[in-house]
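# Breakdown of the fold
Below, each chain spelled out in residue letters.
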Amino acid sequence: MSTNISLPYHDLAEKLIRSTLRAFGEFVEQGGDKYSFIEPGNVPDAKLNRHFSWIAVVTGENQVRHLRGGSADEALHPLQTKTLRNVSKLADKVRKALQRGDSILDPESDLVQENPTRISRIIKNAMEATFEESTRREDAINIPSPYQIVADFLTIPEHPGSRAYALLTMRTVLFQRFGAMPKTVLKHNYDEFTVQDLEAAYTSLLTSMQERYRSRGQDKLDDPKPRADSSLSSRVSGILRHYLAMTSVLNLRLKPSDRYPQSPAHALFGLSELCDVHSAAIPLEFARPQYLKSPTEFSELVNSLWGIPIPIRGADTIFRGGLNFASRGGLVCALHGGAGSGKTALALGLGAALSGFGIRTLFLTAEEDAEDLHSRAASLLPSRIRNLPFVPDNSHDWLRISRFELVHEEEDKRLRYLSDLFEEIASALEAQNCTTDENADGIPLPCSTMVVLDGLHEIATQALFDTSQADSKKITDEFHRFIETCRKLRALVVLTTGTDWRADTSLDYLVDVAMRLSHETESDIGSKPHRYMTLSKARHQLCSPGTHGLQIAGDKGVRFTPQMNYQLDRMSIWNSRLPFTDVYKQTMQLTCRQEDLRLISVGSGTGVSKDLNFFRNKKVGVELYRGSNIFLNGEGSGGKAGLALKIATAPSFQKSTNNTLISKSEKVLVVSFLYPEEYYKHILGKLKVVRNREYPELPRDYDPRMEVMHLYPGHLKPDTLYSKIEWALRASLLSGDPFTTIVIDGIHNVFLQFPEIEKQSLFWPQLFSLLRTRSLTSIITHTLLSVRMSGRQKPNSFGAQPEAYRTVDDSRSDPLKHALVLKTDFRIEVDPKELSGTQMEVSSPHTFRVETHSAIGQPMPDPEKNPLYWSREQLVFFSEPQTALF
């Protein structure tokens, strides 16, 4: 079976890199012979978009929607303008310029999208992150790697597995730029480097990051340029450093040069002018990011540079960057599982995903019908990935199915027949791989073909080990010969087997990778069946052994849910982030008077002027810093969900710029154990009315947005919930529109309706550790359950008839609350107004007293001298006791 290895996005990658470098120049202001930086937030989106308008001309509308389309909430707009919708009407000169990937000279042209787009926001966000980490000295400034921006842009945000296509493309561009590649069975015209070469480069990098005499581990690394006279070791160092920069483990550091001597801004202008990050005229360095604890493990880098990246969600974590082959070529995988466990579906799904690399699959089966397999193969990839231009439209283009029948009754003859068959396949593949023009692009893949033998247990049956000793040795020898023949294919070989034959365990000793699938059914009516994949062995690489979730059904195709511990391991290279005290929210400091509560009631129709401002800053509450972990706790239904959303959607202020208001809208992810999306939408609408009165200086386009992840009661697994949150955060970052706050509402409900999460006592500390590695504010709400007591109570000091409650919360939540307190920057109690033992009396069922029990970096207010109250209905704070108004 012939193959033609091609690079995903081969026609876009180089153009995107040049366009990104040109866009970097928009962050420089030129005044005469002076060059200065422009803050990323002040750069008009149109100036960035003008460098990418060509995408709307050279790509199909449905093929790469993630590159040219807008977002569903219309916060991000498509690159394609009305004028670009009809390319045939463009002037011939303009059309050819766009097809070459040229920029539009006039950012106000009708060919340029003036509003935010995905690519303009990805670039702005990356620039803001690296600018914040810069020392802001006169001699240098940090910038993001253009490879990183392009890799993020090429990834479909909703499909993490699609990043494999982007990473393969960008690593290949790096190899080609430096003229060196890892050794593979496919021929190419570049110098080859070994694992030992990479290890030497990695050791040098580690030395610069280690604290030692007169060094704090912050040494700057030079940028080896890919010159014709460069040594192989220098080029390997360049590949390694740029690859780490592409994965955000290093920053690029820009300095003035002989050609651009005035300032770092002048050098950035020169970089955009030359459109070549490897130009000798631009002296780059590599700098350690502020929050980096340690670089990526060396074994994972080997997998990432030598192996096949797997375009299946979760596979990058399980196989730690990719499937790595033996040095002599070939990789043999055993896929065990009972009937209905998903062996055939997983093998087909893997072949379908790899078809985007030009890898073809030969599927040998003794029991499946060819057309049935083709029908199943078409549904095992997500539709967004099936529509990519480099993924074959028809399974017949990448999948060849051969059905065979074994006529030999003796086991040794059956195995000998299979060995002979695989010898023939090996000869054909060897002839194919020796053809130099098959891999003219120099794609560094360890194989060009995947071979699946479906149902090995049907061939080597139970009788294999039930024969006499002499016959058994003869058959075992044939079995070893067969596995060795599989390796000679220099292909990815997958052998699917059942679980009810005695050779099952012996096979694992012979193969390189051993996986076992299981399909659990539940008798509990509240739960659903679960599929699992247990990885027990991976001979040539670092991996994540253990049991991981496996899903097959649905539009998302075949996908894994890795164990939470391994996902945390990959994030462990980053230090936790402390709250950013320069940016804060005044939410708990803006209060009104008690007599104004009626007038500001949302939707009351009182006819009160909208221009009348009832709020003033009395400093009775604390400043809430960006990136904080805020814990809202209290008894009863105190409107904590509304309070959490009020904090999350409020605008921020910056101290270093005279407490100026930051006009960028907030984006909130709500993880709800309680209410559906409609509940939070209703609160968000009410908050908008109140916010306009609290912050009259807010610009009209300040419009906080929200996404709700409503979790239904049942047997939700901790790994699944962790992955849902992690992938939602990652998708928002890749979309160019990241979440600024996460609200986890109603975690007390875990102990009532989510028994699997309740069993995992370490889940919450692990989740909070993940959130701490991101620039993200976290708000968690928890309620102490209580019930109303019967009988009338005596009137309270305000003359209102109070209601009595009794706490019913048990001790199961104590470890959770303890963990929350330890991880919390702000702990805020929201309770009915007066509390005495287990009896409470309140002046109104809608009024709650708010007390701050801990606050980072500032003194706490005295609740007795300056009491603070929360109105659940009006969604506002007031600072005097309320009389009976309801």
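This part is about the overall build of the protein chain. A tally of regular secondary structure across the protein chain gives 27 helices and 38 strands. Out of the 886 residues in the protein chain, the part that is buried amounts to 58%. A separation threshold of at least 6 residues defines the contact pool for the protein chain, and within that pool the share at least 24 residues apart is 77%. Carbon and sulfur atoms make up 47% of the accessible area of the protein chain, which amounts to about 37000 Å² in all.

Bringing the sheet that holds strand β20 (residues 580–585) into the picture now. In spatial order, the strands read β23-β20-β25-β26; together these 4 strands make up an open sheet with antiparallel pairing. Since the sheet does not close on itself, it has two edges, and those belong to β23 (624–626) and β26 (660–662), each with one partner. Here the average twist between neighbouring strands, direction ignored, is 50°. Bridge count between strand β25 (residues 652–654) and β26: 3 bridges; the pairing is antiparallel. If you follow Phe 653 over to β26, its bridge partner there is Leu 661.

Turning our eyes to something else, we now look at the confidence of the model for the protein chain. In the predicted model, the protein chain carries a mean pLDDT of 84, and the fraction of residues at 70 or more is 83%. Per-residue pLDDT stays below 50 along residues 835–843; that stretch engages in 29 contacts with residues further than four places along the chain or on separate chains.

Further remarks concern the pattern of salt bridges. Opposite charge on two side chains permits them to pair, given that their charged atoms come into close proximity. Inspection of every chain in the model, using the stated rule, returns 40 salt bridges. Asp 152 is paired through a salt bridge with Arg 163; the nearest N and O atoms lie 3.0 Å apart. Residue Asp 152 is found in helix α7 (residues 146–154), and its partner Arg 163 is found in helix α8 (residues 163–178); the two are separated by 11 residues along the sequence. For Asp 152, a relative accessible area of 16% puts it in the buried group. Close ionic contact of Lys 255 with Glu 285 constitutes a salt bridge, the shortest N to O distance being 3.5 Å. Of the two residues, Lys 255 is situated in the loop between β9 (251–254) and α11 (264–274) and Glu 285 in strand β10 (residues 284–287); the sequence distance between them amounts to 30 residues.

Quick look at the packing of α8 against helix α10 (residues 232–246) now. What describes two packed helices is the angle between their axes and the distance between those same axes. At their nearest, the axes of α8 and α10 sit 10 Å apart, and the two run at 150° to each other. Between α8 and α10, the angle falls in the class roughly antiparallel. Handedness of the α8/α10 crossing: right-handed. Along the contact surface, α8 presents Arg 163, Leu 167, Met 170, Arg 171, Leu 174, Phe 175 and Phe 178, while α10 presents Arg 235, Gly 238, Ile 239, His 242, Tyr 243 and Met 246.

Another aspect to go through is unusual backbone geometry. With a phi angle near 55°, Cys 275 is a residue other than glycine that sits in the positive phi range. Examined against the element boundaries, Cys 275 turns out to sit in the loop between α11 and β10. Residue Cys 275 is classed as buried on the basis of its relative accessible area of 17%. Unusually for a residue other than glycine, Arg 320 sits at a positive phi of about 50°.

The next thing to look at is the pairing of β10. Alternating residues of β10 divide into Leu 284 and Phe 286 and Glu 285 and Ala 287, and every residue in both groups is buried. The sheet contact formed by strand β8 (residues 221–222) and β10 spans 2 bridges and is antiparallel. Counted as the bridge partner of Leu 221 is Phe 286 from β10. Two strands pair when backbone bridges link them, and β9 and β10 are joined in this way by 4 bridges, in the antiparallel orientation. In the sheet register, Leu 252 faces β10, and the bridge partner there is Phe 286.

Moving on, we come to the side chain of Asp 508. Tracing the chain through its elements places Asp 508 in helix α19 (residues 503–510). Given the relative accessible area of 14%, Asp 508 is considered buried. Among all residues touching Asp 508, those that are not within four sequence positions of it are Ala 334, His 336, Ala 514, Arg 516, Ser 536 and Lys 537.

As a further point, take the sheet that holds strand β3 (residues 141–143). Spatially, the 4 strands line up as an open sheet ordered β3-β9-β10-β8, and their pairing is antiparallel. Looking at strand neighbours, the two that pair on one side only are β3 and β8, the edges of this open sheet.

A few words now on the packing of helix α1 (residues 13–24) against α7. At a closest axis distance of 9 Å, the pairing of α1 and α7 adopts a crossing angle of 120°. Relative to α7, the element α1 lies oblique. Crossing of α1 against α7: the hand is right-handed. Residues Leu 16, Ile 17, Thr 20, Leu 21 and Phe 24 of α1 lie in contact with α7, whose contacting residues are Pro 146, Tyr 147, Ile 149, Val 150, Phe 153 and Leu 154. Considered class by class, the residues forming the contact of α1 with α7 number 10 nonpolar, 1 polar and no charged.

What follows is about the side chain of Lys 15. Looking at the secondary structure, you find Lys 15 in helix α1. Here Lys 15 sits buried without a salt bridge, and the closest side chain of opposite charge, Asp 11, lies 6.5 Å off (N-O distance). Contact partners of Lys 15, with chain neighbours within four places excluded, come to Trp 54, Val 58, Gln 99, Arg 100 and Gly 101.

What counts as what
- Residues numbered from 1 in each chain as written.
- Predicted model: local features only at pLDDT ≥ 70, side-chain atom pairs only at ≥ 80, totals over all residues.
- Heavy atoms only, no water.
- Helix = DSSP H or I, 4+ residues; strand = E, 2+ residues; numbered from the N terminus.
- Buried < 20%, exposed > 50% of the residue type's maximum accessible area, 1.4 Å probe, protein only.
- Contact = heavy atoms within 4.5 Å.
- Areas by Shrake-Rupley, 256 points an atom, 1.4 Å probe, with all protein chains shown as cover.
- Pairing = 2+ DSSP bridges.
- Axes fitted to C-alpha atoms, helices over the stretch in contact; angles between N-to-C directions.
- pLDDT = per-residue confidence, 0-100.
- Salt bridge = Lys/Arg side-chain N within 4 Å of Asp/Glu carboxyl O.
- Parallel < 35°, antiparallel > 145°, perpendicular 65-115°, else oblique.
- Left-handed = near helix turned anticlockwise from the far one by under 90°.
- Nonpolar A, V, L, I, M, F, W, Y, C, P; charged D, E, K, R; others polar.
- Lys, Arg positive; Asp, Glu negative; His and termini not counted.

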